[in-house]
Amino acid sequence: MIQIRRALISVSDKTGLIDFAKLLQQKGVEIISTGGTLKVLKENGIAAIAIDDYTGFPEILDGRVKTLHPKVHGGLLGVISNPEHVKTMEKHQIPKIDLVVVNLYPFVKTVSQGGVSLDLAIENIDIGGPSMIRSAAKNYRHTVVVTDPADYKTVADSMSVNSGSVDADTSFLLMRKAFSHTAMYDSAISSWFNGIAGEKFPEILNLSFTKKQKLRYGENPHQGAAFYEPLFTKSEFSPLQGKELSFNNMLDFDAAFHIAALLPENTVCIIKHLNPCGIAYADNTQEAFQLAKRTDPISAFGGIIGIKGVVTGELAASIGETFVEGVIAQKFTPEALEFFSKKPNVRLIEIADFKEALDEMDLRPIHHGILLQDRDYATISEKDLKVVTKKKPSDADLKGLMFAWSAAKFIKSNAIVYAQENATLGIGAGQMSRVDSVHLGATKALNVGLSVVGSYVASDAYFPFRDGIDAIAKVGAKAIIQPGGSIRDEEVIKAADEHGLIMVFTGMRHFRH
């Protein structure tokens, strides 16, 4: 047990402060405080000793130095079960400080506002606060440290049942939170300075994530899982309704969100196991949904739907004809929400500005570290295309090719997409052989009664042999868009010319592993 006789309070976040300080006062705890915190305490009738009166040394350098004093840190670090520590503290007249309540200058809040000057950011770097937190946390067996206003009740409850003392388990819990707090704070500062220096890949990568929610389970029910969000990012993945999210749900929602965000207005995509089983855009989301669903209506069962646009009551009813795990969209009308309220297990996520929510960096763990890369947001336009065949594309052909290319970047490699001007017809995904993806995409379309005659075909990477071109020609496709760059490009172009196909090169690859 740690008997609380003296507390040092210095907080930027005043939430719950007065009620907690009053409780300490009622317990006979002597309170020491600083600056703005001291002012607020006294305005509310709570007796407190100014830090400079306590240390006998004034706050200096515009408040940069006020708690960096042996009387403060000696009081926090003294091990009162150690006779030599006690003797030293008595000799230097250092009273024991049993409780320190500190939360730090709002660095993250300040720099998150945008357009922050370097000088302002620097002045919001706390020095004394982290020092006190670390001193108290190191000495958690004798000093209680509180960094989160939400823990005031935890301390108050412990003191209430333990005659003014805090139990060892509570102090240990608060110590762990304290070290996480200072680590996160330092990481935020490091990350911000790397950011303004334009350093995306620093020599030391400091990452801080806060726990957003516990997930139902991981990829499989026997695996635990949780969702964490980066410190500087406010998560948009907050369901309006639906069952608790699982690990797989989160991955599929993320895939659906990115496809919808990066394609034209009124795009609808249907995701199953991270792969789209249908993508389309149209004049309205209802039409786009029907086009996307027809690509692979069987696989659409149990999928996640991403919509860049509005979910109307009519669209909600159409979606509800098939079991789906969830829908992520820019807006749900009241009629749509009313419809889905009768299907309470369907997760609904609304993000008003899809593009604003995009994150530029892709972080992936591997067995002994992490990989960090720019996300594949790069695009091309029609003027970037190189026509390599004798047969040239019309404006309509270019529109279809560009849509097929846009869809292919979101499909697991090796990826082949058969499409019309604004909708997928057949998708071959994740095959070890590119020609197998060619066959699979055509077969998937034919299996649901869709013709790929006259279709546009996109390949996420180059064709290594002419066999893929021969197979595409055999099913009657009209044109091919691919990166080019194979040592056998001449052979592949010759095959396209022999079959009377249009083929264009993009010069850009879109592998998706």
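Residues numbered from 1 in each chain as written. Predicted model: local features only at pLDDT ≥ 70, side-chain atom pairs only at ≥ 80, totals over all residues. Heavy atoms only, no water.

(A) Layout of the overall build of the protein. The secondary structure content of the protein amounts to 18 helices and 22 strands. The C-alpha radius of gyration computed for the protein amounts to 31 Å, which surpasses the reference 24 Å derived for 513 residues by more than 25%, pointing to a less compact arrangement than a globule. By principal-axis analysis of the C-alpha atoms, the protein measures approximately 95 × 50 × 40 Å. Surface summary for the protein: the accessible area is close to 24,500 Å², and the carbon and sulfur share equals 53%. Averaging the coordinates of the 55 positive side-chain charges in the protein and doing the same for the 59 negative ones gives two points 3 Å apart. (Helix = DSSP H or I, 4+ residues; strand = E, 2+ residues; numbered from the N terminus. Rg over C-alpha atoms; globule rule 2.2 N^0.38 Å. Areas by Shrake-Rupley, 256 points an atom, 1.4 Å probe, with all protein chains shown as cover. Lys, Arg positive; Asp, Glu negative; His and termini not counted. Charge placed at Lys NZ, Arg CZ, Asp CG, Glu CD.)

(B) Local environment of the packing of helix H1 (residues 17-26) against helix H2 (residues 35-43). Two elements in contact, H1 and H2, have axes whose closest approach is 10 Å; the angle formed by their N-to-C orientations is 70 degrees. As the angle between them shows, H1 and H2 are arranged roughly perpendicular. In contact with Leu 17, Ile 18 and Ala 21 of H1, H2 contributes Thr 37, Val 40 and Leu 41. Residue classes in the contact of H1 with H2 are distributed as 5 nonpolar, 1 polar and no charged. (Axes fitted to C-alpha atoms, helices over the stretch in contact; angles between N-to-C directions. Parallel < 35°, antiparallel > 145°, perpendicular 65-115°, else oblique. Contact = heavy atoms within 4.5 Å. Nonpolar A, V, L, I, M, F, W, Y, C, P; charged D, E, K, R; others polar.)

(C) Focus on the sheet that holds strand S12 (residues 303-311). Strand order in this open sheet of 5 strands is S11-S10-S12-S13-S14, and the pairing throughout is mixed. For this open sheet the edge positions go to strand S11 (275-281) and strand S14 (347-350), each flanked by a neighbour on one side alone. Averaged over all pairs of adjacent strands, the angle between strand axes in this sheet comes to 15 degrees, irrespective of strand direction. Sheet topology note: the strand S10 (residues 267-272)/S11 ladder contains 6 bridges and is antiparallel. Bridge pairing in S11 links Val 268 to Ala 280. (Pairing = 2+ DSSP bridges.)

(D) Representation of unusual backbone geometry within the structure. Residue Ser 413 is joined to Asn 414 through a cis peptide bond whose omega torsion reads 0 degrees. The topology assignment puts Asn 414 in the loop between helix H15 (395-408) and strand S18 (416-419). Of note in the backbone geometry, Asn 266 takes a positive phi value of approximately 65 degrees without being a glycine. By the element assignment, Asn 266 lies in the loop between helix H11 (247-262) and S10.

(E) Structural detail: the packing of aromatic side chains. For the coordinates displayed, the defined rule picks out 10 aromatic pairs. With centroids separated by 5.5 Å and ring planes inclined at 80 degrees, the aromatic side chains of Phe 339 and Phe 340 adopt a geometry described as edge-to-face. Pairwise contacts between aromatic rings join Phe 107, Tyr 185, Trp 192 and Phe 193 into one cluster. Above the face of the Tyr 54 ring, Lys 71 is positioned so that its terminal group lies 4.9 Å from the ring centre. (Phe/Tyr/Trp six-rings, centres within 6.5 Å; stacked < 30°, edge-to-face > 60°. Lys NZ or Arg CZ within 6 Å of the ring centre and 35° of its normal.)

(F) Highlighting the pattern of salt bridges. Taken as a whole and assessed by the stated rule, the structure comprises 16 salt bridges. When the shortest N-O distance is used, the salt bridge between Arg 6 and Glu 30 registers 2.7 Å. One end of the pair, Arg 6, is in strand S2 (residues 6-11); the other, Glu 30, is in strand S3 (residues 30-33), with 24 residues separating them in the sequence. Classification of Glu 30 by relative accessible area gives partly exposed; the value is 31%. (Salt bridge = Lys/Arg side-chain N within 4 Å of Asp/Glu carboxyl O. Buried < 20%, exposed > 50% of the residue type's maximum accessible area, 1.4 Å probe, protein only.)

Keep in mind these values describe shape, not function.
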